[in-house]
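These are the residues of each chain, in order.
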Amino acid sequence: MAIETRPKDISIERAAGRMSVVWQDGHASEYELAWLRAHCPCATCREERREHALNTDSLRLVATPPPSTEIVDAEFVGHYAIRFTWTDGHAAGIFPFEALRASCPCSACNPDGPAPLIVD
Ligand SMILES: [Zn+2]
Ligand SMILES: [Zn+2]
């Protein structure tokens, strides 16, 4: 694995709603937890987003609370990914470091804002 996709240090600041990653090559990335949740790569969330994208004519009002953007737990998945447990119990999304690094929201990596998380 390339050093730029290997994290050296990860800290989740719950109060600020942010995750900071310092990579082995020294680059630092800061992700909004809300952004991470909105890009959850699990099959269920991806299906929901695809349906939503197809239904551009209709507005759907949902009475259920929006997905949680707070994290209660995070764990490594092997050496290649991180998995979060959100306060609403959702824990299916596995975020590969390679995809996170590619979506680094800093202006040097992605001048037009964070790229969508590509996990395929
Ligand atoms: Zn999900
Ligand atoms: Zn960056």
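Residues numbered from 1 in each chain as written. Chains lettered and ligands numbered in written order. Predicted model: local features only at pLDDT ≥ 70, side-chain atom pairs only at ≥ 80, totals over all residues. Heavy atoms only, no water.

Caption draft 1: Here's a closer look at the coordination of the zinc ion (ligand 2). The zinc ion (ligand 2) binds to the protein through His27 (NE2), Cys104 (SG), Cys106 (SG) and Cys109 (SG), with metal-donor distances spanning 2.0 to 2.3 Å. Between the 4 donor atoms coordinating the zinc ion (ligand 2), the angles at the centre fall across 102 to 115°, so the site counts as tetrahedral. The sequence motif formed by the donor residues of the zinc ion (ligand 2) is H-x76-C-x1-C-x2-C. Under the relative-accessibility criterion, Cys109 is labelled partly exposed at 30%. (Donors = N, O, S within 2.8 Å, 3.2 Å for Na, K, Ca; no water. Tetrahedral: all angles 85-135°; square planar, octahedral: opposite > 155°, others 65-115°. Buried < 20%, exposed > 50% of the residue type's maximum accessible area, 1.4 Å probe, protein only.)

Caption draft 2: Molecular detail of the sheet that holds strand β5 (residues 81–86). A sheet is described by the order of its strands in space; here 3 strands give the open sequence β4-β5-β6, paired in antiparallel fashion. The sheet is open, and its two edges are formed by β4 (71–77) and β6 (94–96), each paired on a single side. Going across the sheet, the axis of each strand differs from the next one's by a mean of 25°, ignoring polarity. By the bridge criterion, 3 bridges tie β5 to β6 in an arrangement that is antiparallel. Opposite Ala81, over in β6, you have Pro96 as the bridge partner. (Pairing = 2+ DSSP bridges. Helix = DSSP H or I, 4+ residues; strand = E, 2+ residues; numbered from the N terminus. Axes fitted to C-alpha atoms, helices over the stretch in contact; angles between N-to-C directions.)

Caption draft 3: Broad picture of the confidence of the model for the protein chain. When pLDDT is averaged across the protein chain, the result is 90; 92% of the residues are at 70 or more. The secondary structure element of the protein chain with the lowest average pLDDT is helix α2 (residues 43–54), at 87, and the one with the highest is strand β2 (residues 18–23), at 97. (pLDDT = per-residue confidence, 0-100.)

Caption draft 4: Here's a closer look at the coordination of the zinc ion (ligand 1). All of the protein donors around the zinc ion (ligand 1) are Cys40 (SG), Cys42 (SG), Cys45 (SG) and His90 (NE2); their distances to the metal are 2.1 to 2.3 Å. Between consecutive donor residues of the zinc ion (ligand 1), the sequence gaps follow C-x1-C-x2-C-x44-H. Linking Cys42 in the loop between α1 (33–38) and α2 with His90 in the loop between β5 and β6, this pair joins segments that are 48 residues apart in sequence. Across this residue pair, the class does not change: Cys42 and His90 are buried.

Caption draft 5: Focus on the sheet that holds β2. Read from one edge of the open sheet, 3 strands run β1-β2-β3, paired in antiparallel fashion. The open sheet terminates on both sides in strands that have one partner only, identified here as β1 (7–13) and β3 (28–32). Across this sheet, the average inter-strand angle for adjacent strands is 15°, counted without regard to direction. One ladder, built from 6 bridges, connects β1 with β2; its direction is antiparallel. In the sheet register, Ile10 faces β2, and the bridge partner there is Val21.

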